[in-house]
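A closer look at the structure
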Amino acid sequence: MSTSVAPAAPQAGTRPPTIASVPSGHVYVRHLAPEPGLAAAGAHRLPDPPPRVADPEPGQWWPPAMLDPAWVRAHDFDLMHLHFGFDALDPRDLAALVDAVHETGRGFVQTVHDLRNPHHVDRRLHDEQLDALVPRADALLTLTPGAAEEIRRRWGREATVVPHPHVVDLRTMAVAADCRARRRTGAFRVGLHVKSLRAGMAPMRLLPTLADTVADLPDAVLQVNAHRDVMEGGAREDVALRGWLRSAAAEGCIDLRVHDFLPDKELWDYLGSLDLSVLPYRFGTHSGWLEACRDLGTTVLAPTCGYFAEQGPVLSYEHDEDHVDLGSLDAAVRRAHAERPRWGAGIDERRAQRRQVAAAHERVYAEVLRAVGR
């Protein structure tokens, strides 16, 4: 059995550990800390160093400068906690990173978010990266029991299961809940967001059936959002998808929205306007998008691949790398329209969960630091 969340707190008078968190500024990592003003601050996470790239964007943390043995040896911290940002690194460099952490007397913790990288068409590199990291880590965490079982099966390691904290800030959650409660009119809005077409997405497998199903439902609309780099000749251009979307929009079958990357406020407004968000993934592991929908009261229709359904209450349809059952897609959309499930995560639930998540991380850090003698 995998270890589940068990609240614990650091002993009074002890110095909070300094964590080299990779990254530190990502919303997931920020919400691993106790809610400001309601509890002791806990572990101190170093800010993200500026990435070694020309003209980085404001707040950019990638590629992480911390993932360099030279950076490890030159900086003072107690423990490194790796989440994201190692997608392009050679597995040998990752092994050298963990070795540098251990050779300097520090601990290494990894949260295994992705067991199959959603950005990689070929899984081999990510598998090799995990092979370099997972056996060397002093402690492992992951988000769902299914992922913990896969980690046990593949590497013989136990991972502490800690749920994904809220993504949307609590004030925005409150505003969204009020807006949804006041909503009296408007179509049942189904959303499929193709974004910039990650490798793990397969929207064209779904769109024809999805459009037909929504067209058959009273007072329902299918909204498809796409980034300009898909639709206007950018790096992620998909000619077949673009042609289908333009044609369907011209025929009035879909409400097509083309835009650049949405800032958080606009993204939350968009997700909060939906009744059902369809995830078009053919492979993956966990989803922050799913958690944001739950924060905003939007029902999620998730594929059966990965461990999305273990994150929280969702509707499901059969979809993986080799297969899609369009009948299950049709049935799930019709159920959402008929039942209008409300499976969002409320503010009180998210606050309690955040306390548990923060305490679980403090406990794991304390155990690792005792083990490495710090």
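Okay, so let's go over this structure. (Residues numbered from 1 in each chain as written. Predicted model: local features only at pLDDT ≥ 70, side-chain atom pairs only at ≥ 80, totals over all residues. Heavy atoms only, no water.)

**A short note on the overall build of the chain**
Spelled out, the test is: Secondary structure counts use DSSP, requiring at least four H or I residues in a row for a helix and at least two E residues in a row for a strand, with both numbered from the N terminus. This radius of gyration counts C-alpha atoms alone. The globule rule is 2.2 Å times how many residues there are, raised to the power 0.38. The Shrake-Rupley method, run with a 1.4 Å probe sphere, supplies the accessible areas, and residue values consider only the shown protein chains as cover.
Scanning the chain for helices and strands turns up 13 helices and 12 strands. For 374 residues, the compact-globule estimate of 2.2 N^0.38 gives 21 Å, and the chain sits close to it at 21 Å. Taken along the three principal axes of its C-alpha coordinates, the chain extends 65 × 40 × 40 Å. Of the roughly 16,800 Å² that the chain leaves accessible, carbon and sulfur atoms contribute 52%.

**Comments concerning the sheet that holds strand β8 (residues 220-227)**
Our working definition: Criterion used throughout: strands pair if DSSP finds at least two bridges between them. As a rule, the C-alpha atoms of each element are fitted with a line to give its axis, helices using only the stretch in contact, and angles between N-to-C directions run from 0 to 180 degrees. Here a residue-residue contact requires only that any non-hydrogen atoms of the pair lie within 4.5 Å.
Reading across the sheet, the 6 strands line up as β9-β8-β7-β10-β11-β12 and stay open at both edges, with parallel pairing between neighbours. A strand with exactly one partner marks an edge of an open sheet, and here the two such strands are β9 (255-259) and β12 (315-317). Between one strand axis and the next, the sheet turns by 25° as a mean value, whatever way the strands run. Of the pairings in the sheet, the one linking strand β7 (residues 188-195) to β8 comprises 7 bridges and is parallel in character. If you follow Lys-195 over to β8, its bridge partner there is Ala-226. The sheet strands contacting helix α9 (residues 239-250) are β7, β8 and β9, and the helix crosses β9 at an angle near 130°.

**Some points on the packing of helix α6 (residues 170-182) against helix α13 (residues 347-372)**
What counts, and what does not: Just so you know how the angles are binned, under 35 degrees is roughly parallel, over 145 roughly antiparallel, 65 to 115 roughly perpendicular, and the rest oblique. Helix crossings fall into two classes, left-handed where the near helix is turned counterclockwise from the far one by less than a right angle and right-handed where it is turned clockwise. Amino acids outside the nonpolar list (Ala, Val, Leu, Ile, Met, Phe, Trp, Tyr, Cys, Pro) and the charged list (Asp, Glu, Lys, Arg) are all regarded as polar, and Gly is one of them.
Where α6 meets α13, the axes come as close as 10 Å, and the angle between the chain directions of the two elements is 160°. Classified by the interaxial angle, the pair formed by α6 and α13 is roughly antiparallel. In this structure, α6 meets α13 at a crossing whose hand is right-handed. Contact with α6, carried on its side by Leu-170, Met-173 and Ala-174, involves Ile-347, Arg-350 and Arg-351 of α13 and no other residues of that element. In terms of residue class, the contact of α6 with α13 is built from 4 nonpolar, no polar and 2 charged.

**A look at the environment of His-81**
Condition: A 3.5 Å cut-off defines polar contacts: any pair of N or O atoms within that distance qualifies, except that in protein one atom must be a possible hydrogen donor and the other a possible acceptor, and neighbouring residues in sequence count only when both atoms are side-chain atoms.
Relative to the helices and strands, His-81 resides in strand β3 (residues 79-82). Sequence separation of His-81 and Gly-243 is 162 residues, and the distance between their C-alpha atoms is 44 Å. Of note is the side chain of His-81, whose polar atom sits 2.8 Å from the side chain of Thr-111. A polar atom in the side chain of His-81 sits 2.7 Å from the side chain of Tyr-365.

**Some details on the nonpolar core**
Note the following rule: Among the buried residues, those of types Ala, Val, Leu, Ile, Met, Phe, Trp, Tyr and Cys that are joined through side-chain atoms within 4.5 Å form a nonpolar core. Accessible area is worked out with a 1.4 Å probe on protein chains only. A residue is then buried under 20% of its type maximum, exposed over 50%, and partly exposed in between.
Core analysis: the largest hydrophobic core is formed by 33 residues, its most contacted members being Trp-71, Val-72, Met-80, Phe-108 and Leu-115. Where this core is concerned, the elements lending two or more residues are β1 (18-22), α2 (69-74), β3, α3 (91-103), α4 (124-133), α5 (145-155) and β6 (159-161). Ranked by residue count, the leading element in this core is α3, at 6 residues. Apart from residues no more than four positions distant in its own chain, Met-80 is found in contact with Ala-20, Val-22, Met-66, Trp-71, Val-72, Leu-97, Val-101, Gly-107, Phe-108 and Val-109. Core analysis: the second largest hydrophobic core is formed by 31 residues, Val-224, Leu-245, Leu-276 and Val-278 among them.

**Some details on the state of the cysteines**
Rules: Criterion for a disulfide: a pair of cysteine sulfur atoms at a distance within 2.5 Å.
For the structure on display, the rule yields 0 disulfides. Free of any disulfide, Cys-179 has its nearest neighbouring cysteine sulfur in Cys-293, separated by 16 Å. Among the residues examined, Cys-179 registers a relative accessible area of 46% and is labelled partly exposed.

**Things to note about the sheet that holds strand β4 (residues 107-111)**
The 6 strands are arranged β2-β1-β3-β4-β5-β6 in an open sheet whose pairing can be described as parallel. Strands at the two margins of the open sheet, each flanked by one partner only, are β2 (44-45) and β6. Pairing of β4 with strand β5 (residues 139-142) involves 3 bridges; the strand directions are parallel. Bridging across to β5, Val-109 finds its partner in Ala-139.

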